[in-house]
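The lines below spell out each chain.
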Amino acid sequence: MARSSKTVARTLEDLTLDSGYGGAADSFRSSSASLCCSEAHGGNHWHLTDSMHSRHNSLDTVNTVLVEDAEILESTGQCAKLPELEDVPWSLGEVASALSRDEEMSLPTPPQDVLLRLSVLVSRALVRVAKEAQRLSLRYAKCTKYEIQSAIKMVLSWTVSMNCISAALSALSLYNMSTEEDKFGRSKSVRCGLIFNVGKFFRWMVESRVAVRIHEHAAIYLAACMESLFREVYARVLRSALLERDNGIPKFTVETLEQAVNGDAEIWGSLLSWQHLICGKNASGEL
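Keep in mind it's a predicted model, so treat the numbers as computed, not measured. (Residues numbered from 1 in each chain as written. Predicted model: local features only at pLDDT ≥ 70, side-chain atom pairs only at ≥ 80, totals over all residues. Heavy atoms only, no water.)

Running from N to C, helix α5 (residues 112–137) and helix α12 (residues 254–262) point in directions that differ by 30 degrees, and their axes come no closer than 9 Å. Accordingly, the angle class assigned to the pair α5 and α12 is roughly parallel. Across from Asp113, Val114, Arg117, Leu118 and Leu121 in α5, the residues of α12 making contact are Val254, Leu257, Glu258 and Val261. Looking at the contact of α5 with α12 residue by residue, the classes come out as six nonpolar, no polar and three charged. (Axes fitted to C-alpha atoms, helices over the stretch in contact; angles between N-to-C directions. Helix = DSSP H or I, 4+ residues; strand = E, 2+ residues; numbered from the N terminus. Parallel < 35°, antiparallel > 145°, perpendicular 65-115°, else oblique. Contact = heavy atoms within 4.5 Å. Nonpolar A, V, L, I, M, F, W, Y, C, P; charged D, E, K, R; others polar.)

In structure tokens:
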């Protein structure tokens, strides 16, 4: 009798979980079983053994401390770092188009090295948001816009998160107001009014295994949030007094970008690679 009840429970579980992503139900069981809190650094870090890898099996995209690294970090006294993403769901051309789209910042496109460094910084915020969304999605094995919205509020500062959520709401509203003819004639990104490709974000969330089931609205929210975050960081750098002027035009370099980020308490912690850092302080430790 006990065996039959276990079989029925397993069958119901399999029916509940989507398996359209190549054994997603099994991957969820492995991820939920291996996700645990690391004791090496006060129990504040999540680690995963073998459940989430990128498309090329390089690094854990949404996870941070690996099990074998915990003892090394503890013995050396170092803080855990976020993994650097090898594949991000945007291109530098899309970043440049998103930055030049804002009418208030009608300035020349930043150099390629500045765009690359900006992409690296924002990708760390993407990992933080995805990690929180993954944790929030474990209960029902589904990631919706609500998990992404809650993750944004947890990771980013209040001002930045409200701007990102407003952009996400605007994008989703445009998407829902599109007509039936638009489904075949225009892409999701165009229907949302976004530069970033919503399909790339959806594919990245699936391959990073943020959850077993990914709702399309979650991908729209994440894409709109990251696009808004790029503009937010760019605008804060432009407002910084550290920019050099060349014939009245701000001279953008990697050094000025780093200095502006280090001096901004609302974005500094979220854009660094150290896991324990959050928003609220700048590089000098000032609130």
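Another aspect to go through is helix α7 (residues 158–177). Because each turn of an α-helix spans 3.6 residues, side chains separated by three or four positions end up pointing in the same direction. Relative to the 28 Å expected for 20 residues at 1.5 Å per residue, α7 spans 28 Å between its end C-alpha atoms, a close match to the ideal helical length. Listed as buried for α7 are Val160, Ser161, Cys164, Ile165, Ala168, Ala171, Leu172 and Tyr175. Down the axis of α7, the buried side of the element spans an arc of 125 degrees, and every buried residue falls inside it. More than 90 degrees from the buried face of α7, the exposed residues found are Trp158 and Met177. If you follow the buried residues of α7, they end up packed against α6 (145–155), α9 (188–192) and α11 (216–239). (Expected span 1.5 Å × (residues − 1). Buried < 20%, exposed > 50% of the residue type's maximum accessible area, 1.4 Å probe, protein only. Arc of directions from axis to C-beta.)

Let's shift gears to the side chain of Glu227. Position of Glu227 relative to the elements: it lies in helix α11. From its side chain, Glu227 meets the backbone nitrogen of Ile195 in a polar contact 2.9 Å long. Among the polar contacts listed, one links the side chain of Glu227 to the side chain of Arg231, at a separation of 2.7 Å. Discounting chain neighbours no more than four positions away, the residues touching Glu227 are Ala98, Arg101, Leu194, Ile195 and Phe196. (Polar contact = N/O pair within 3.5 Å; in protein donor to acceptor, adjacent residues only side chain to side chain.)

Position of Leu194 among the secondary structure elements: in the loop between α9 and α10 (198–207). Between the alpha carbons of Leu194 and Glu94 there is a distance of 9.9 Å; along the sequence they are 100 residues apart. For Leu194, the contacting residues outside a window of four places in its chain are Arg101, Ala171, Ser189, Ile220, Ala223, Ala224 and Glu227.

On to the packing of α10 against α11, then. In contact at an axis separation of 8 Å, α10 and α11 are set at 110 degrees when each is read in the N-to-C sense. One element, α10, and the other, α11, form an angle in the roughly perpendicular class. For α10 against α11, the interelement crossing comes out right-handed. Here α10 contributes Val198, Phe201, Phe202, Trp204 and Met205 to the contact with α11, which in turn contributes Glu216, Ala218, Ala219, Ile220, Leu222, Ala223 and Met226. Looking at the contact of α10 with α11 residue by residue, the classes come out as eleven nonpolar, no polar and one charged. (Left-handed = near helix turned anticlockwise from the far one by under 90°.)

By size, the foremost hydrophobic cluster in this structure holds 65 residues, and its most contacted members are Trp90, Cys143, Ile148, Met205, Leu222 and Met226. Counting residues per element, this core draws most heavily on α11, at 15 residues. Aside from chain neighbours lying at most four places away, what touches Cys143 is Ala133, Ser137, Ile148, Met205, Val210, Ala211, Arg213, Ile214, His215 and Ala218. (Core = buried A, V, L, I, M, F, W, Y, C linked by side-chain atoms within 4.5 Å.)

A few words on unusual backbone geometry. Of note, the phi angle at Ala141 is positive, near 55 degrees, even though the residue is not glycine. Overall, the relative accessible area of 2% leaves Ala141 in the buried class. The backbone phi angle of Arg209 is positive, close to 55 degrees, even though this residue is not glycine. One can find Arg209 in the loop between α10 and β4 (213–214).

These figures capture arrangement, not role.
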